[in-house]
Amino acid sequence: MKRILCIGAGYVGGPTMAVIADQCPDLTVTVVDINAQRIAAWNSDKLPIYEPGLEAVVRRCRGRNLFYSTDIPGAIKAADIIFVSVNTPTKTFGAGAGKAADLQYLEKTARSILEHADSDKIVVEKSTLPVRTAQALSRVLHSNTRGLKFRIVSNPEFLAEGTAIEDLLHPDRVLIGGMEESAIEEVAQIYAHWVPRERIITTNLWSSELTKLVSNALLAQRISSVNSISALCEKTGANIDEVTRAAGRDSRIGPKFLKAGIGFGGSCFKKDILNLVYLCEHYGLPEVAAYWEQVVRMNDFQARRFVGTMLSAMFNTVADKKIAILGFAFKADTGDTRESPAIAVCRQLLEERARIRIHDPQALDNARIDLKDAAGDITYCEDPYEAVAGAHALVIMTDWKNFRDLDYERIFERMEKPAFLFDGRNLLDPEKLFRIGFHVYPIGQKPLTHF
Ligand SMILES: NC(=O)c1ccc[n+]([C@@H]2O[C@H](COP(=O)([O-])OP(=O)(O)OC[C@H]3O[C@@H](n4cnc5c(N)ncnc54)[C@H](O)[C@@H]3O)[C@@H](O)[C@H]2O)c1
């Protein structure tokens, strides 16, 4: 029985390894982490992350051929193939601060493999990394004096949070980059248990590493492009949803990922683009760097613009006003709030001395952590109707589907008048809300107001 190990039990390592264990009963899969609390949660009834369908997969495999452990040395010794899925955040200090990837967790992982391995291994880069990181990884691993050989393979992950299990079960593609055919094939054989061979793409190492950064940059660019036009729509009376519906009918453009909103969040888009920007600067391509950096700037502009709209609609002051924030996660179907636009929006509202009431079906624990150092009046509400009681404004920050099904007549009754509704996701039907009595401010459309 082949032994697979994954170092890093986060949003990627956890679900990815659960699906591999489920689809490959002939493999033993172990997931380790330095965070003992996280491992304990993976071994408990309350998993450390929320992801639709994840719990069922974990329940089926845990204790059978899926193990979560803190015994990193033992797991490294036993493994044939080691996936590295540790975090690679943006560097916050020293050279490249604010842009370059912080590779300290990756290097520590490599050193721990180096220390504990006593046989040859395949090491798989699952984390998102700057192009040519495999070279650095190889140098660290081959500094061993025991003649051990490590074959390095890049296998970036393309899952999206909120649909991780579906994405893992039916990926558009699995990408495997490497130098040695034999190592690429061994990793391909894992996925071939359930992914059709024509969807398993193999490339050289550097193409694979770069493809992940480029995929995220292109996705984020699409969002920023649409959001930039949403600003123009608000000035001109065009409607962004109509524009993107019609533009997306062009088969060269396609309809997906063209929704205007408050901007992208999540742990990856911003950090991966900044990483790309840093690489371009490093390789002497300032024009290319500036081109991609604009995607992040446009995203920041969109969130600032949204708060500006709120302020000017509410007579240039929100001081002492209660504002109900519906949704704090960076997108629906996840409890993850990393880089969520809700963080920046709430902080700006608190600076304006608003009193904020936050409701989210899955993300309240993370919201408490994100805002723990923010001064001001914040209440976290399990019940959306509690959040809107006495509120001057309601803000949709996350596209949770169940926000569509709330009783907006009841909400309107509970709110102060005039009752403002700012829909940061264009999730709700503005006409219907207007008829109830709200002053409605969608993104990229003319506001519907009773004044
Ligand atoms: N979250 C996503 O949607 C997503 C999607 C695709 C790719 N990625 C990439 O995958 C990687 C992991 O992302 P994530 O969201 O799972 O991060 P995460 O922070 O949720 O998980 C990383 C885990 O690695 C552990 N870790 C760090 N150093 C370690 C070490 N030396 N030994 C053992 N464990 C260690 C941390 O404790 C943490 O639990 C990143 O490079 C990210 O860019 C993320």
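Within every chain, residues take consecutive numbers counted from 1 along the sequence as written. Two thresholds apply to this predicted model, a pLDDT of at least 70 for residue-level local features and 80 or more for giving and counting side-chain atom pairs, whereas whole-chain, interface and lining totals are computed over all residues.

Considering the overall build of the protein
This is how it is decided: Here a helix means four or more residues in a row that DSSP labels H or I, a strand means two or more in a row labelled E, and each is numbered from the N terminus. Within these notes, the globule rule equals 2.2 Å times the number of residues to the 0.38 power, and the radius of gyration is based on C-alpha atoms. Burial is judged by counting other C-beta atoms within 10 Å of a residue's own C-beta: 20 or more means buried, 12 or fewer means exposed, and anything between counts as partly exposed, with every C-beta placed from the backbone. Two residues qualify as being in contact provided that their C-beta atoms, derived from the backbone, are within 7 Å of each other.
Of the regular secondary structure elements, the protein holds 17 helices and 14 strands. In terms of overall size, the protein behaves like a compact globule, its C-alpha atoms giving a radius of gyration of 24 Å where 451 residues would be expected to give roughly 22 Å. Projected onto the principal axes, the alpha-carbon positions of the protein cover approximately 75 × 50 × 45 Å. Within the span of the protein, comprising 451 residues, buried residues form 48% of the whole. Nonlocal contacts in the protein, meaning residues at least 24 apart in sequence, comprise 73% of its contacts between residues at least 6 apart.

What about unusual backbone geometry?
Between K417 and the following residue, P418, the backbone shows a cis peptide bond with an omega angle of 0°. Secondary-structure assignment places P418 in the loop between α16 (408-414) and β13 (420-423). With a phi close to 65°, N316 is a non-glycine residue in the positive phi region. Of note, N316 is situated in the loop between α12 (286-313) and β9 (322-326). Note on N316: 8 C-beta atoms within 10 Å, which makes it exposed.

So, the environment of N426
One can find N426 in the loop between β13 and α17 (430-436). When the 21 C-beta atoms within 10 Å are taken as the criterion, N426 is described as buried. N426 sits 186 residues away from I240 along the chain, and the two C-alpha atoms are 9.8 Å apart. Discounting chain neighbours no more than four positions away, the residues touching N426 are D241, K259, A260, G261, P442 and I443.

What about the pairing of strand β11 (residues 378-381)?
Applied cut-off: Paired strands are those between which DSSP finds at least two bridges. Throughout, right-handed denotes a crossover for which the path from the first strand over the helix to the second runs clockwise when the strands point away from the viewer.
Pairing of strand β10 (residues 355-359) with β11, which is carried by four bridges, proceeds in the parallel orientation. Residue pairing in the sheet places I358 in a bridge with Y380 of β11. Handedness of the crossover is the feature at issue here: the chain leaves β10, passes through helix α14 (residues 364-370), returns alongside β11, and the resulting connection is right-handed.

Interpretation note: all reported values are geometric properties and have no functional meaning in isolation.
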